[in-house]
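Fold and geometry: a report
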Amino acid sequence: DVKVTQSSRYLVKRTGEKVFLECVQDMDHENMFWYRQDPGLGLRLIYFSYDVKMKEKGDIPEGYSVSREKKERFSLILESASTNQTSMYLCASSLWSRGGFFGPGTRLTVL
Amino acid sequence: AQKVTQAQTEISVVEKEDVTLDCVYETRDTTYYLFWYKQPPSGELVFLIRRNSFDEQNEISGRYSWNFQKSTSSFNFTITASQVVDSAVYFCALSEGYGNTGKLIFGQGTTLQVKP
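The present account deals with the structure reproduced in this document.

**Some remarks on the overall build of chain A**
For chain A, the helix and strand inventory stands at zero helices and eleven strands. Reported as C-alpha extents along the three principal axes, the dimensions of chain A are approximately 40 × 30 × 25 Å. The 111 residues of chain A split such that 51% are buried. Of the accessible surface of chain A, which amounts to about 5400 Å², a share of 49% is contributed by carbon and sulfur atoms. Mean positive and mean negative side-chain charge positions of chain A (16 and 14 charges, respectively) differ by 5 Å.

Below you can see the structure in the form of structure tokens.
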């Protein structure tokens, strides 16, 4: 069974902390994505990657960075967490015909 | 600019009722793809359907059906004889252009509650 896993389901951090959200896929997909989900706004693309060590900004990259050192792993980094980054974060990898596979999400609270 | 609008924030129906979720999109591209996803309480998005801009045939899959109308830029989703298990947040999404980019623009989502 294909899988996208995210390191944590729930995370609580303090303002100013550096936060790492990890995503791993076992489908050998080249494309991976990080989305942020907020009520009334749907999902918004933060960053995506087409290949190892490649990354491109999405619609809301400010305050975030990413790392893709291995094909199966795509990390989202909050260099200095702020309260407005409290949100649900969803990772996805893309299999075109199936509309992509999403992880279960990480609900991040920044206090 | 690309945009997807799901005007219905929340819908509540009683089991066995039919329900239609609306989706209106904006794009300047002639080639694009439209998607519907279901997000149950567990949180994981589940892919339901993909439709390309050249295929306006309606599709039916069990109790689910989709109506794509380019003339009104709409891609509506109907659940027939709704069940409690259909309770979820449903997202419509748009992807432009050719190729396997996987970049999606999502609507705001519609929360469907099906009461027994």
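**Considerations on unusual backbone geometry**
The phi dihedral of A:Lys53 is positive, around 65°, even though this residue is not glycine. Checked against the element boundaries, A:Lys53 lands in the loop between β5 (42–49) and β6 (56–57). A:Lys53 sits in the exposed class, given a relative accessible area of 60%. Positive phi outside glycine occurs at B:Lys16, with the angle close to 85°. Structurally, B:Lys16 can be placed in the loop between β2 (10–14) and β3 (19–21).

**Points about the state of the cysteines**
Residue and element names in this part refer to chain A. Taken as a whole and assessed by the stated rule, the structure comprises two disulfides over all chains. Between the sulfur of cysteine 23 and that of cysteine 91 lies a disulfide, 1.8 Å long from S to S. One disulfide, between cysteine 23 and cysteine 91, carries an S-S torsion of -75° and so falls in the left-handed class. Residue cysteine 23 is located in strand β3 (residues 19–25), and its partner cysteine 91 is located in strand β9 (residues 87–93); the two are separated by 68 residues in the primary sequence. Cysteine 91 matches cysteine 23 in its accessibility class, with the two residues each being buried.

**Details of the interface of chain A and chain B**
Opposite the 22 residues of chain A that make contact, chain B presents 21 residues. At the boundary of chain A and chain B, one finds zero salt bridges. Joining chain A to chain B, the criterion identifies three residue pairs in polar contact (both at pLDDT 80 or more). Looking at which element gives the most residues to the side of chain A that touches chain B, the answer is β5(A), with four residues. Split by residue class, the side of chain A that touches chain B holds eleven nonpolar, nine polar and two charged.

**Quick look at the sheet that holds β3(A)**
Residue and element names in this part refer to chain A. Taken in spatial order, the four strands of this open sheet run β1-β3-β8-β7, and their pairing is antiparallel. Looking at the sheet topology across the chains shown, the edges are occupied by β1 (4–6) and β7 (65–70). For this sheet, the mean inter-axis angle between neighbouring strands, taken without regard to orientation, is 20°. Inspection of the sheet shows β3 paired to strand β8 (residues 73–78) by six bridges, in the antiparallel sense. Bridging from a neighbouring strand, leucine 21 pairs with leucine 76 of β8.

**A word on the pairing of β9(A)**
All names here are of chain A. Burial of β9 is extensive: seven of the seven residues sit out of reach of the surface. What you see with β9 is no split at all: Ser87, Tyr89, Cys91 and Ser93 on one side and Met88, Leu90 and Ala92 on the other are buried throughout. Examined bridge by bridge, strand β4 (residues 32–38) and β9 share six bridges and lie antiparallel to one another. Paired with phenylalanine 33 across the bridge in β9 is alanine 92. Relative to strand β11 (residues 106–110), β9 runs antiparallel, the two being bridged by three bridges. In the sheet register, methionine 88 faces β11, and the bridge partner there is arginine 107. Looking at chain direction, β9 and strand β10 (residues 101–102) are connected through two bridges and run antiparallel. Each bridged residue has a counterpart across the sheet, and for alanine 92 the counterpart in β10 is phenylalanine 102.

Calculation rules
Residues numbered from 1 in each chain as written. Chains lettered and ligands numbered in written order. Predicted model: local features only at pLDDT ≥ 70, side-chain atom pairs only at ≥ 80, totals over all residues. Heavy atoms only, no water. Helix = DSSP H or I, 4+ residues; strand = E, 2+ residues; numbered from the N terminus. Buried < 20%, exposed > 50% of the residue type's maximum accessible area, 1.4 Å probe, protein only. Areas by Shrake-Rupley, 256 points an atom, 1.4 Å probe, with all protein chains shown as cover. Lys, Arg positive; Asp, Glu negative; His and termini not counted. Charge placed at Lys NZ, Arg CZ, Asp CG, Glu CD. Disulfide = S-S within 2.5 Å. Contact = heavy atoms within 4.5 Å. Salt bridge = Lys/Arg side-chain N within 4 Å of Asp/Glu carboxyl O. Polar contact = N/O pair within 3.5 Å; in protein donor to acceptor, adjacent residues only side chain to side chain. Nonpolar A, V, L, I, M, F, W, Y, C, P; charged D, E, K, R; others polar. Pairing = 2+ DSSP bridges. Axes fitted to C-alpha atoms, helices over the stretch in contact; angles between N-to-C directions.

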